[in-house]
Structures are given as C-alpha cells and as structure tokens.
Amino acid sequence: VRMKESGFFLGWEVTTVIPVLTQGLSGIIVGIVTQLAGGVRKVMATICGLILTCLLQQILLGMHLSWSVLAAVPLVAGGIYLHASYPPRTQTLA
C-alpha cells in the first residue's frame with residue numbers, strides 16, 4: 001500500500017542510483033564484449049579483473065588481504081577458466 005501511495009523510488013538518493021546505473025551499464029558492456037571478442041577473452045578479462053581488484057584494494061585502500069581471499073581468488077579464477085574450457089554438455093530431449 002505504501003508503494004502505491006508514494007511510488008517505487010521513495011527514499012532513493014543519488015548515492016542509491018549510482019550503483020544501480022553502473023551495474024546496469026556494466027551488464028550491457030559485458031554483453032557487447034562477449035559478442036565482439038568472444039567468450040575466451042571475456043573469461044580472461046574476468047580473471048584479470050579479480051586479480052586487479054585485489055591488488056587495487058591493497059594498494060589504494062590499504063586493505064590487507066585475508067587468507068580466505070588469498071585462497072578464494074585463485075580457486076575462483078581456476079573455476080572460471082575450467083568452466084570456459086570445458087562447458088557443460090547440453091542434453092537433447094528425445
């Protein structure tokens with residue numbers, strides 16, 4: 001009832017809109033990159049993005065990476081690489 005009266009965007013500020021717009025824009029960019037460059041380059045860019053994010057957090061924000069992050073990043077990167085290299089088989093319905 002409150003949404004009907006006040007609208008969906010009640011309480012939204014500029015700081016709320018910015019992440020929504022950037023996430024939407026990044027999704028569009030990922031789609032374009034995948035279409036133009038192919039899936040393999042997208043996978044490599046994703047892995048580089050993970051590593052770059054960790055490095056920038058440490059350098060710019062002074063955040064020390066925890067052991068769980070140091071273990072998770074190579075595991076996730078390996079998983080992404082393996083999934084791209086050996087995609088799941090599609091089953092045909094008989």
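Reference entry: report on the structure contained in this document. (Residues numbered from 1 in each chain as written. Predicted model: local features only at pLDDT ≥ 70, side-chain atom pairs only at ≥ 80, totals over all residues. Heavy atoms only, no water.)

Here we come to the overall build of the protein chain. Per the secondary structure count, the protein chain includes 4 helices and 0 strands. Mapped from its N terminus to its C terminus, the protein chain presents α and β elements in the order α-α-α-α. The C-alpha atoms of the protein chain give 19 Å as radius of gyration, which overshoots the globular expectation for 94 residues (12 Å, by more than 25%). In terms of principal-axis extent, the alpha carbons of the protein chain reach across some 55 × 50 × 25 Å. In the protein chain, buried positions account for 5% of the 94 residues. Surface summary for the protein chain: the accessible area is close to 8300 Å², and the carbon and sulfur share equals 70%. (Helix = DSSP H or I, 4+ residues; strand = E, 2+ residues; numbered from the N terminus. Rg over C-alpha atoms; globule rule 2.2 N^0.38 Å. Buried < 20%, exposed > 50% of the residue type's maximum accessible area, 1.4 Å probe, protein only. Areas by Shrake-Rupley, 256 points an atom, 1.4 Å probe, with all protein chains shown as cover.)

Per the stated rule, a full pass over the model turns up 3 aromatic pairs. Ring centres of Phe-8 and Trp-12 lie 6.1 Å apart, and the angle between their planes is 50 degrees; this geometry places the pair in the tilted category. Looking at Trp-12, the relative accessible area reads 33%, which means it is partly exposed. Considering the side-chain rings of Phe-9 and Trp-12, the 4.9 Å spacing of their centres and the 90 degrees angle between planes classify their relative orientation as edge-to-face. (Phe/Tyr/Trp six-rings, centres within 6.5 Å; stacked < 30°, edge-to-face > 60°.)

Before going further, it helps to examine helix α2 (residues 14-37). With 24 residues, α2 ought to run about 34 Å at 1.5 Å a step, and its terminal C-alpha atoms sit 33 Å apart, in line with that. Among the residues trailing α2, Gly-38 stands out with phi positive, at a value near 100 degrees. (Expected span 1.5 Å × (residues − 1).)

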